Amino acid sequence: MTDHRDELLAGAAVRALTEQLALAPKPGLPDPRDLAARVSRRDHATLRWSAIALAPGLAAMAAAARRNDGPTPGLRAELGAIGRGTEHTARLAGGGHRGALFVLGLLVAGAVQSRSASADEVTRAAGRIAAHPDRNAPHRPTPGSAMAVTYGAAGARGEARAGFPHVRSALTALTASRDAGATEAQARLDALLTVVSSLRDTGILHAAGPASLRHVHAGARAVLEAGSVATAAGADALAAFDDDLRTRGWSPRGSAGLLAGALFVDGLGSSARPAAGAGTVTAG
């Protein structure tokens, strides 16, 4: 049984995911400009609606973390079972959100078991939970596991076990962009690009190979090196990068899920964070 604290955490996680979905322009990713969601083949409004279906499962994950004394193997198994059921519910609602659910579920559990709401505490608590194998997970290969074998990419599990380093780098980028005077939407896009610029995205590796992943990394770095999204040059570079990824059909979905995780952790530290509005940015 969940209590009010668990429901609040679940609501914060869902809000982080819907705010990530609302950002635009996101390079190669579904956003409000594209109701047909060309890359994901899902209607963008349906993606936002199906995100709401994650709330009961995320609340159940928070409750499981509250019941368990520390990051035990049993807790990891329970989170995995809840996650698989929640993923099925989200698919019935019209979306998957598998990657984001994996990230947010562990971070919600980490938030329950951490001693404070600091990013370092929450991500490391989540990492301690993820260090245990999900003993009841289906034993079948996935694109991520194949890329781990072929290219040594850590994948989602490796990211989690390391305490979500890309969530922490996204949070650092958020703070730096805000301090430099960027709008909230611009800061969030800078955080996304920071993740895209270095994450060894197993989805892109599986779809297009390591040379293509290096191309994606270089495209994200080019936007940041042009002055970030808040500048005219950075906004132009972002538009070109987005066009390039959409033309090629490459989508950095792993980075989007990690940005949602960063927004969740960021929200734990500030209840008065300004909203990003519709999320669409312009330079200036």
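The following paragraphs examine the structure supplied in this document. (Residues numbered from 1 in each chain as written. Predicted model: local features only at pLDDT ≥ 70, side-chain atom pairs only at ≥ 80, totals over all residues. Heavy atoms only, no water.)

Regarding the overall build of the protein chain
Formally: Helix and strand assignments come from DSSP, with helices taken as H or I runs of at least 4 residues and strands as E runs of at least 2, each series counted from the N terminus. With a 1.4 Å probe rolled over the protein chains alone, any residue whose accessible area is under 20% of its type maximum counts as buried; one over 50% counts as exposed, and the rest are partly exposed. Any two residues whose heavy atoms approach within 4.5 Å are treated as being in contact.
Scanning the protein chain for helices and strands turns up 14 helices and zero strands. The secondary structure elements of the protein chain, listed N-terminal to C-terminal, are α-α-α-α-α-α-α-α-α-α-α-α-α-α. The burial tally for the protein chain puts 51% of its 284 residues in the buried class. Contacts in the protein chain between residues at least 24 apart in sequence constitute 73% of all its contacts with a sequence separation of at least 6.

Details of the pattern of salt bridges
Going by this rule: Salt bridges are defined as contacts in which a side-chain nitrogen from Lys or Arg sits within 4 Å of a carboxyl oxygen from Asp or Glu.
Across all of its chains, the model carries 15 salt bridges by this definition. With its nearest N and O atoms 2.8 Å apart, the salt bridge here joins Arg5 to Asp3. The partly exposed category is assigned to Arg5, whose relative accessible area is 49%. Measuring nitrogen to oxygen at the nearest pair gives 3.6 Å for the salt bridge that ties Asp31 to Arg246. Here Asp31 is found in the loop between α1 (4–22) and α2 (44–52), whereas its partner Arg246 is found in helix α13 (residues 232–248), with 215 residues between them in sequence. There is no split in this pair, since Asp31 and Arg246 are both buried. Put simply, Glu19, Arg178, Glu184, Arg188 and Asp266 are held in one network by salt bridges that share partners.

Structural notes on unusual backbone geometry
Of note, the bond from Ala24 into Pro25 is cis; its omega dihedral lies within 30 degrees of zero at 0°. Looking at where Pro25 falls in the secondary structure, it is placed in the loop between α1 and α2. Residues other than glycine seldom take positive phi values, yet Phe164 does so here, at roughly 55°. Following the sequence through the fold, Phe164 ends up in the loop between α8 (155–161) and α9 (165–179). Despite not being glycine, Ser228 shows a phi value in the positive range, around 70°.

Regarding the nonpolar core
Threshold: We define the nonpolar core as a collection of buried residues of types Ala, Val, Leu, Ile, Met, Phe, Trp, Tyr and Cys that are connected through side-chain atoms lying within 4.5 Å of one another.
Leu58, Phe164 and Phe264 are the most contacted members of the largest nonpolar core, which has 74 residues in total. With 10 residues, the top contributor of residues to this core is helix α5 (residues 98–113).

Digging into helix α4 (residues 73–92)
Under the convention used in this document: To estimate how far a helix should reach, multiply one less than its number of residues by 1.5 Å.
Spanning 20 residues, α4 covers 29 Å between terminal C-alpha atoms, matching the ideal 28 Å at 1.5 Å per step. Tucked into the core, α4 has its buried residues touching α2, α3 (55–67), α5 and α6 (119–130). Positive phi shows up at Gly94, right after α4, with a value of about 110°.

Brief notes about the packing of α1 against α5
Counted only if it meets this: Angles run from 0 to 180 degrees between N-to-C directions of axes, and those axes are lines fitted to C-alpha atoms, restricted for helices to the stretch in contact. For a crossing to be left-handed, the near helix must be turned anticlockwise from the far one by less than a right angle; the clockwise case is right-handed. Residue classes follow a fixed rule: Ala, Val, Leu, Ile, Met, Phe, Trp, Tyr, Cys and Pro count as nonpolar, while Asp, Glu, Lys and Arg count as charged, and any other residue, Gly among them, counts as polar.
With their axes 10 Å apart at the nearest point, α1 and α5 run at an angle of 145° to one another. Classified by chirality, the crossing of α5 by α1 is right-handed. Touching Leu9, Ala13 and Leu17 of α1 are Ala100, Leu104, Val108, Ala111 and Val112, all from α5. Residues belonging to the contact of α1 with α5 are distributed by class as follows: eight nonpolar, no polar and no charged.

A look at the environment of Ala55
Mapped onto the elements, Ala55 comes out in helix α3. Its relative accessible area of 24% is what places Ala55 among the partly exposed residues. In this structure the C-alpha to C-alpha distance between Ala55 and Leu9, which are 46 residues apart in sequence, comes to 9.1 Å. Every residue in contact with Ala55, bar those within four places of it in the chain, is listed here: Ala10 and Val14.

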